[in-house]
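Each chain is listed here by its residues.
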Amino acid sequence: MNQRQRFIRACRSQPVDRPPVWVMRQAGRHLPEYRKLKEKYSFHEIAQTPELALEVTMQPLRRYDMDAAIIFTDILVIPEALGQPYGFPKGGGIEMDFAIESEADIDRLSPEGVREKLAYVAEALKLVRAELGDQRALIGFGGSPWTLATYMIEGGSSKEKERARELFYTDRPLFDRLMQKITDALVDYLHMQIEAGADVIQLFDSWGGALAPDAFEGASVRWMREIVDALPDDVPTIVFSKGMHDHTDALVSTGADVLGVGWTARLEEVKARLPDDVAVQGNLDPVVMNTTPELVEREATKILGAMKDYDGHIFNLGHGISPRCRIECMEALVETVSNFSG
Ligand code: CP3
């Protein structure tokens with residue numbers, strides 16, 4: 001079984017020789033070769049130039065023998081395609097060009113022409129697919145509608161997503177109109193990614209955990225379900241809803257094949273609550289990657305041991321990599337998972 005087959009089989013909860021490994025935000029800021037490219041080109045320039053996006057997507061795979069690659073782009077290309085551009089202010093975080101404050105702002109967003117506006121993502125995927133051949137899996141992705149809406153309504157990064165949550169409670173028809181536009185754009189965009197060569201689609205519901213339990217269905221889950229429903233059955237989907245691992249019924253109801261799990265859960269307990277055909281992805285605490293290879297091996301082995309009797313486990317961090325991640329730690333992680341034999 002090659003690495004691509006191993007990855008896809010694990011997504012479908014079929015037996016594999018060992019869990020596949022890949023790491024979120026892999027191109028992140030911990031690689032000198034990425035930082036060097038960033039001295040010359042902006043994030044947008046890299047993401048919008050297929051040859052540069054190919055290069056940055058491949059950088060971590062040249063160093064680490066992971067089973068899958070994730071295409072280099074950002075979840076925020078969807079608000080941008082809808083008419084709300086984004087940027088990275090000096091102090092960190094995200095800044096949108098404006099915040100959605102009124103009905104008129106929502107009416108101005110246009111989900112038409114998403115494929116044309118984001119054609120550069122399809123071009124980059126085709127280049128990566130050609131380079132990977134059938135050897136390693138290629139992950140396409142998008143933000144969940146709720147996570148994108150938080151950036152759009154707040155006008156950028158925010159701590160508690162207060163304005164987005166307020167709109168959900170105070171004006172559901174307006175909230176739903178915004179969500180429908182985002183969802184329609186995502187469905188079109190993710191189909192395009194699949195046609196361009198993505199094997200698997202991941203939805204990042206990074207801010208699902210900001211919602212009250214009773215709001216989770218209406219504000220996030222139903223929109224992810226609409227997207228998963230619209231995608232072809234033979235393309236596995238991964239839903240990562242950070243902090244919401246207790247809401248397994250809701251997450252399973254999206255139809256996802258795999259649930260991404262953050263580091264605050266015991267992965268084996270989440271897996272035990274799921275139907276057999278739903279796999280899990282996770283969940284090493286990302287800060288362990290900033291410590292030592294010995295600690296990485298110890299902590300990763302704990303997770304592998306706890307999961308060894310289950311099919312359907314993709315080894316991953318519980319969230320993105322920190323710029324402080326050490327290269328020796330990444331090497332130790334991939335080696336530990338690759339050599340694990342239970
Ligand atoms: O692994 C990869 O590099 C794949 C591409 C990828 C990026 N963003 C590139 C990126 C992926 C999968 C994402 C997802 C993403 N983007 C999410 C969901 C996942 C998660 O972490 O919860 C979210 C919420 C975003 C929005 C976003 N983009 C944030 C919050 C930031 C950090 C801003 C900051 O500096 O504080 C980004 C920037 C970003 N997107 C970087 C990368 C590699 C770092 C850019 C840099 O500084 O070079």
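Look up: the structure comes first, before these words.
Residues numbered from 1 in each chain as written. Predicted model: local features only at pLDDT ≥ 70, side-chain atom pairs only at ≥ 80, totals over all residues. Heavy atoms only, no water.

1. Here we look at the pairing of strand β4 (residues 137-143)
Note the following rule: Burial status follows relative accessibility: with a 1.4 Å probe on protein chains alone, a residue under 20% of its type maximum counts as buried, one over 50% as exposed, and anything between as partly exposed. Secondary structure elements follow DSSP: runs of H or I no shorter than four residues count as helices, runs of E no shorter than two count as strands, and numbering proceeds from the N terminus. A pair of strands is labelled paired if DSSP reports no fewer than 2 bridges between them.
Within β4, seven of the seven residues are buried, which leaves the element mostly enclosed by the surrounding structure. Neither face of β4 is open: one carries Ala-137, Ile-139, Phe-141 and Gly-143, the other Leu-138, Gly-140 and Gly-142, and all of them are buried. Examined bridge by bridge, strand β1 (residues 68-70) and β4 share three bridges and lie parallel to one another. Residue pairing across strands places Ala-68 opposite Ala-137, the latter belonging to β4.

2. What about the site of the ligand?
Using the following cut-off: We define proximity as follows: a residue is near a molecule or strand when any one of its heavy atoms falls within 4 Å of that partner. As used in this structure description, the phrase polar contact means that two N or O atoms lie within 3.5 Å; if the pair is within protein, one of them must be able to donate a hydrogen and the other to accept it, and residues adjacent in sequence are counted only when both atoms belong to side chains. Computed with a 1.4 Å probe, the accessible areas rest on the Shrake-Rupley method; for each residue, only the protein chains presented here act as cover. Whether a set of points on the 1 Å grid over the protein atoms alone is a cavity depends on a 1.4 Å probe fitting there but being unable to get out, while an open set qualifies as a pocket with protein on both sides within 12 Å along at least five of seven lines; lining residues are those with an atom within 4 Å of a point. Any molecule with more than half of its atoms within 2 Å of a cavity's or pocket's grid points is regarded as sitting in that cavity or pocket. Here the nonpolar group is Ala, Val, Leu, Ile, Met, Phe, Trp, Tyr, Cys and Pro; Asp, Glu, Lys and Arg are the charged ones; every other residue, Gly included, is treated as polar.
The immediate surroundings of the ligand are formed by 22 residues, with Arg-25, Tyr-34, Lys-38, Ser-206 and His-319 found nearest. At 2.8 Å from an oxygen atom of the ligand is found a main-chain nitrogen or oxygen belonging to Gly-93. Within the side chain of His-319, one N or O atom sits 2.6 Å away from an oxygen atom of the ligand. Against a free-state accessible area of 880 Å², the protein chains account for coverage of 89% of the ligand. Applying the majority rule of atoms within 2 Å of the grid points places the ligand in the largest pocket. Its residues assigned to classes, the shell around the ligand comprises twelve nonpolar, six polar and four charged.

3. As for unusual backbone geometry
Residues Gly-282 and Asn-283 are joined by a peptide bond in cis, for which omega reads -10°. Residue position: Asn-283 is located in strand β8 (residues 279-284). Even without being glycine, Ser-13 reaches a positive phi, approximately 60°. When you line up the elements, Ser-13 lands in the loop between α1 (3-11) and α2 (32-40). Unlike most non-glycine residues, Lys-161 shows phi in positive territory, near 60°. With respect to the element layout, Lys-161 can be found in the loop between α9 (145-154) and α10 (162-170). Of the residues examined, Lys-161 reaches a relative accessible area of 4% and is grouped as buried.

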